[in-house]
Structure formats: C-alpha cells, structure tokens
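Fold and geometry: a report
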Amino acid sequence: MKKVSILHTGGTLSSKVDYKTGGVVAKYTDKDILSMFPELREIVKIKSRLIRNMSSDDMNFKHYNLLAKEIFKELKNSDGVIITHGTDTMHYSAAALSFILEGLDKPILLVGAQRSSDRGSSDAGLNLICAAQFIKNSDFFGVGICMHEGMSDENCLILPAVKTRKLHSSRRDAFKVVNDSAIARVNRYGKVEFLNYTKREKGKLELKLINEKLKVGLIKSRPNMFATELKIYEKYDGLILEGTGLGHFPITKIDNFTSENKRTFDEIKKITKKIPVVMTTQCLFGRVNMNVYSPGRELIKIGVLGNQLDMLPEVAYVKLAWLLSNHKKEVRELIGENLRGEINHRIKDEFL
Ligand code: ASP
C-alpha cells in the first residue's frame, strides 16, 4: 500500500456548526476526519497530523513556509501528501507550495470542501477519497488541487496548482482551470483518466522559502481611482496591478474630469522606479497585452512588467514574493519565465 500523509490546516472541510454562534467553524481534528471517512484507510496507508485548524482567509506567508517544511519532513517517509485546506485562498497556497518546493518528485494534493463535513451534502468525503485514489493509482508528481468536477458526487478533477481559481462562492465545483485544462479526472473507485499532464523531469527536492517580512501588494484597477490609493506601495517590496482588459489602469487625462488619472500615472511611475510592478488582468482568461493601446505602451515605458503573460493575479502575487525572496537580482527576467506551469507562452485556441 502507498503511504500518504494527511496534513490538516482546517477550512470548511474541518468545520461543523457551532451551536453557540450558529456559524460554521473549523473544529474537527485529523482524527475526527479519519473516523468520518474510514474508506480512506482502505485505499492508502495513512498518517495524519493537525497543523492548524483555521480558515484559509487568515493565512499568510508564514503558514506557507510552515506547511512546506512539514511536507518536506513527511515526504522522507511517504509517497505523497494530502493537505486539507480552506477553499477561499487555496489557490494562493497551491501556488506558494509549487514555488517553494522546488524539484518536487512526489504528489501533493490540496483538498477542501464547500460544505462542512457534518452536512449530508458535504463534498469533503469525495474530494478526500478521490485525492487518495489518485495518489494510489497514478504516477503524478507535483502540486495539484483535488475538488469536485461537477454538481454531482461522481468525479473529481485534479487541477493544476498555478492555473486554477475559485470561481464560485458556494458551488461544489467552484474551482476552474483558467487558460489551461485539468490534469486528470478521478472517481471514488480509483478510475483515473489523464486529461493534460506532461511529466517534468524529476529534480532534487529543495525548500526555497518565502521571506516572511516581505510586503507585496495587489491592487485592482477600477473607475474613479485615486493616486493616493497607490502611494502606500512606495514602501512595499513589490506590487501586482490587476488591470482591466488587456492590462489597463486609469492613467490618461482626457478632460477636466480626469486630472486624477495623470496623478495616478505619476504615482505608478514613481513606484516602478523603486520596486518591481507587474501587470495582470482581472479578466483572468486571456493574456495581458499592453502594446495594443497607447496608455499600455506608456506603462511598458515606465517599467511595468508582465506584458504578454497569462499569469493569474494571485499566482503572480505569490510568484513575485517568492522571486524577491530567492532570486532578488533576477526578478525582472524571471517574472516572465514559466517556472512551474504558471505561464502559457501559447494559449490553446479553445481559450483564446
Ligand atoms: N473561509 C473558508 C476557508 O477558506 C471557506 C472554506 O474552507 O471553504 O477557509
């Protein structure tokens, strides 16, 4: 039997209704989860540990490092690791683990649930069982997310850690791949169907942690923006811009109503002189193209990075923090290089 470690961090999967408040809170321990889903022990040999019982909304870089270190320890003696995790920021953690665990040669699957495990409609059981089945029945290695494929309890998908986003606040199939496709489909009985998986070369596992003191910003462009909103980032180490469309910000003064836009442009210019600033798109699908419109060209001229990339804003955010921590001198070159599958230099026709 394959040996799998389950590291629990909390989230809805570990939650139940608290009758005092009427709300749902992360309370179940690793032991509770295993006794709720005894089938898991029939699929793989399980060792489980409680790392935290928290909502993923409260996580920060320190948790990513802690989790990576715990995974590193577990991998010495297991064939793969399942991480139970809140769904809200799961895509940030998945990206962080992908970057931190360089040369990973075993499967790490993040598993969450949209309905707490004490509810009949919970998706926790299927997601966990499918993750265990996938590790048992495949030779996949790398970081993936295992969640429901559709509304029914039939299949789960193994989703690429750096190309996936939570796109629904409550549906069990909330996680969708953006500009790419799922790695595999798996069911509770262990049937695995690979959909899109190109094996990388195996490396030597190395921990490249994120500097916990870093301050990286992520700001969304919108109408009626003020330059002062950007000002605080002068003191940050890096900034991700979530532009509209192809990568735009309100930076052009076209009439008396738009004088603030000039100030916004000047502020971005000031910040790009101090720290790396990377453009992404809030459209999510498609890529940034700052060559199309003149303001975009202005942004390129003042040093805004990210042109032609299809990186998800959250992934760019984590990647920038990781690059600043581990490759400080090469941030500007490496931000545009596909290090973990986060960039498609060519997007398949179906996503264009
Ligand atoms: N707020 C919760 C979390 O992300 C929601 C969930 O687990 O689905 O931890």
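In short, a report on the structure. (Residues numbered from 1 in each chain as written. Predicted model: local features only at pLDDT ≥ 70, side-chain atom pairs only at ≥ 80, totals over all residues. Heavy atoms only, no water.)

**Focus: the site of the ligand**
Basically, it comes down to this: Nearness is defined per residue: one heavy atom within 4 Å of the molecule or strand is enough. Side-chain atoms alone can form a polar contact between residues adjacent in sequence; in general such a contact is a pair of N or O atoms within 3.5 Å, and within protein one must be able to donate a hydrogen while the other accepts it. All accessible-area figures derive from a Shrake-Rupley calculation using a 1.4 Å probe, and residue coverage is judged against the displayed protein chains alone. Residues are sorted three ways: Asp, Glu, Lys and Arg are charged, Ala, Val, Leu, Ile, Met, Phe, Trp, Tyr, Cys and Pro are nonpolar, and all the rest, Gly among them, are polar.
Neighbouring the ligand are the residues Gly-11, Thr-12, Ser-55, Ser-56, Asp-57, Gly-86, Thr-87, Asp-88, Ala-113 and Gln-114. Contacts to the ligand include Asp-57, whose side-chain N or O atom sits 2.8 Å from a nitrogen atom. Contacts to the ligand include Ala-113, whose backbone N or O atom sits 3.3 Å from an oxygen atom. Protein burial of the ligand: of its 260 Å² of free accessible surface, 87% is covered by the chains. Of the residues assigned to the shell around the ligand, the class counts are one nonpolar, seven polar and two charged.

**Some details on the sheet that holds strand S17 (residues 277–281)**
Stated precisely, the cut-off is as follows: The criterion for strand pairing is that DSSP finds at least two bridges linking the strands in question. Strands are runs of DSSP state E lasting at least two residues, helices are runs of H or I lasting at least four, and both sets are numbered from the N terminus onward. Axes here mean lines fitted to C-alpha atoms, for a helix over just the part in contact, with angles spanning 0 to 180 degrees between N-to-C directions.
Strands sit in the order S15-S16-S17 across an open sheet of three strands; the sheet is parallel. The sheet is open, and its two edges are formed by strand S15 (216–220) and S17, each paired on a single side. Here the average twist between neighbouring strands, direction ignored, is 20 degrees. Inspection of the sheet shows strand S16 (residues 238–243) paired to S17 by five bridges, in the parallel sense. Pairing of Leu-239 across the sheet is with Val-277, part of S17.

**Details of the packing of aromatic side chains**
Stated precisely, the cut-off is as follows: Any two rings among Phe, Tyr and Trp, with Trp reduced to its six-membered ring, count as a pair given centres within 6.5 Å; such a pair is stacked if its planes are under 30 degrees apart, edge-to-face if over 60, and tilted if neither. Residue exposure (1.4 Å probe, protein chains only): buried if accessible area is under 20% of the type maximum, exposed if over 50%, otherwise partly exposed.
By the definition in use, this model includes nine aromatic pairs. Aromatic side chains Phe-99 and Trp-322 sit 5.4 Å apart centroid to centroid with 35 degrees between the ring planes, which places their arrangement in the tilted category. In this pair, Phe-99 is assigned in helix H4 (residues 90–100) and Trp-322 in helix H9 (residues 313–326), connecting sequence segments 223 residues apart. With relative accessibility at 1%, the residue Trp-322 sits in the buried group.

**Re the state of the cysteines**
Put simply, the rule is: Note on disulfides: each one is a pair of cysteine sulfur atoms within 2.5 Å.
One pass over the full model with this rule turns up zero disulfides. Cysteine Cys-146 shares no disulfide, and the gap to the nearest cysteine sulfur, in Cys-156, comes to 4.3 Å. In this structure Cys-146 comes out as buried when scored by relative accessible area, which is 0%.

**Topic: helix H3 (residues 61–75)**
Residues spaced three or four apart along an α-helix face the same direction, because each turn holds 3.6 residues. Definition in use: Between the first and last residue of a helix there are one fewer steps than residues, each counted as 1.5 Å, and that sum is the expected span.
With 15 residues, H3 should reach 21 Å at 1.5 Å per residue; the first-to-last C-alpha distance of 21 Å fits that figure. What H3 keeps buried is the set Phe-61, His-63, Tyr-64, Asn-65, Leu-67, Ala-68, Glu-70, Ile-71, Glu-74 and Leu-75. With a side-chain oxygen positioned 2.9 Å from the backbone nitrogen of Lys-62, the residue opening H3 is Asn-60.

**Focus on the sheet that holds strand S12 (residues 184–187)**
Counted only if it meets this: Two residues form a contact once any of their heavy atoms are found within 4.5 Å.
The mixed open sheet is built from eight strands, whose spatial order is S4-S1-S5-S7-S8-S9-S12-S13. Edge strands, defined here as strands with exactly one partner in the open sheet, are strand S4 (45–54) and strand S13 (192–194). Each neighbouring strand pair of the sheet contributes to a mean axis angle of 20 degrees, computed without reference to strand direction. Taken together, the five bridges between strand S7 (residues 107–111) and strand S8 (residues 142–148) define a ladder with parallel strand orientation. Counted as the bridge partner of Leu-109 is Gly-144 from S8. Lying over the sheet, H4 contacts strand S5 (80–84), S7 and S8, oriented at roughly 160 degrees with respect to S8.

**Digging into the environment of Gln-114**
Examined against the element boundaries, Gln-114 turns out to sit in the loop between S7 and helix H5 (124–137). On the basis of relative accessibility, which here comes to 13%, the residue Gln-114 falls in the buried class. Counting along the chain gives 33 residues from Gln-114 to Met-147, while the straight-line C-alpha distance between them is 9.5 Å. In contact with Gln-114, other than residues within four places in its own chain, are Thr-12, Thr-87, Asp-123, Lys-166, His-168, Ser-169, Ser-170, Arg-171, Arg-172 and Ala-174. Polar side-chain contacts of Gln-114 include one of 3.1 Å to the side chain of Thr-87.

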